[in-house]
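Coordinates in review
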Amino acid sequence: MKQAVKMTDKVQPLESLSKKPEEPKIVVNLRRIKRKIMIMSGKGGVGKSTIAANLAAGLALRGHRVGLLDCDIHGPTIPTIFGLESERPNVNEEGILPIQVLPNLSVMSVGFLLGDKDSPIIWRGPAKMGAIKQFLEEVSWGALDFLIIDLPPGTGDEPLSVAQLIPNCDGSVLVTTPQDVALISVRKSIKFSEKLNVPIIGLVDNMHGLICPHCGKPIEVFGTGGVEKASKDFNIPILARLPIEPKVAEMEDKGTIVQGLLEHSTEWQKNFEAVITAVEKTLEEE
């Protein structure tokens, strides 16, 4: 004998109908962040993490509340650049607490979680994507004007994960060098940003020549013209041309870039102010 089905078996309780659907945790956690900016490059070795670190520090020194997320899982350099390799994040009821560089600048990196800085991270794609998702969901960033996201090079798992996880990412800065090989890759990053509807703030032409220490004249190490062509082809502004500067590399090795930005002692740092200004202007946009 078949059992009769009661109408109440398939009817939702009235109280459940009045509940609003829960928002994804990542949306709730990032709601207090005004601008999310990705720093990208088509290939490695072009100084992307240098740009990300100096941009975050420069915005903070202008009075903005800034977070810096290092999403380069296999080569996390942000802890070294800020001289924070020995730091470890704490956890409270709100989540993982990022490491404070300044009262208005906090950073998070998988590098803070390694017991041995020489240990390689041997993870497949799903593990990397899970770590990035956890950083975005569970790090207690608080109220920020900017979250600067330092992505690994290329257009693979990590950049795709961030672009898909962050609703309405506010922009990307693409870092390249004048070398033709780097420019071939950065053009792919431009197309990547366009396909994912991430507005491109501009290009940074890094390692743009070397200033001769004897005569003061520039030496074009990687050639010229390629960045200008990419800028023209895609109608994207060049935010700054930054020369090869040994002093900047020395400050990163010592973890003193904040002091270096305050001193403004190099041509690199003077030119870099234009990058900070371009990103700062995104706050004015609706």
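Basis of the calculations
- Residues numbered from 1 in each chain as written.
- Predicted model: local features only at pLDDT ≥ 70, side-chain atom pairs only at ≥ 80, totals over all residues.
- Heavy atoms only, no water.
- UniProt positions renumbered as here; feature names shortened; annotations may be inferred.
- Helix = DSSP H or I, 4+ residues; strand = E, 2+ residues; numbered from the N terminus.
- Buried < 20%, exposed > 50% of the residue type's maximum accessible area, 1.4 Å probe, protein only.
- Contact = heavy atoms within 4.5 Å.
- Areas by Shrake-Rupley, 256 points an atom, 1.4 Å probe, with all protein chains shown as cover.
- Pairing = 2+ DSSP bridges.
- Polar contact = N/O pair within 3.5 Å; in protein donor to acceptor, adjacent residues only side chain to side chain.

- In the annotation of an unreviewed UniProt entry, the protein chain is listed under the name Iron-sulfur cluster carrier protein and assigned to Methanosarcina flavescens.
- Per UniProt, the comment on the protein chain under Subunit (unreviewed entry) is "Homodimer."
- Heading Function (unreviewed entry) of the UniProt record for the protein chain holds this comment: "Binds and transfers iron-sulfur (Fe-S) clusters to target apoproteins. Can hydrolyze ATP."

Some words on the overall build of the protein chain
- The number of helices and strands found in the protein chain is eleven helices and eleven strands.
- The buried share among the 286 residues of the protein chain stands at 48%.
- Sequence-distant contacts in the protein chain: of pairs separated by 6 or more residues, those separated by 24 or more amount to 78%.
- Surface accessibility of the protein chain: about 14900 Å² in total, with carbon and sulfur atoms responsible for 53%.

Examining the pairing of strand S7 (residues 144–150)
- Extensive coverage of S7 is indicated by the burial of seven of its seven residues.
- Where strand S1 (residues 33–41) and S7 come together, six bridges link them in parallel fashion. Among the inter-strand pairings, Ile39 is bridged to a residue of S7, identified as Asp150.
- Judged from the five bridges that link them, strand S2 (residues 66–70) and S7 form a sheet pairing that is parallel. Each residue of the ladder has a partner; that of Gly67, found in S7, is Leu147.

Let's talk about the side chain of Arg35
- Relative to the helices and strands, Arg35 resides in strand S1.
- Within the structure, Arg35 has its side chain in polar contact with the backbone oxygen of Thr282 (distance 2.7 Å).
- Residue contacts for Arg35: discarding those within four places in its chain leaves Asp145, Phe146, Leu147, Asp170, Thr282, Leu283 and Glu285.

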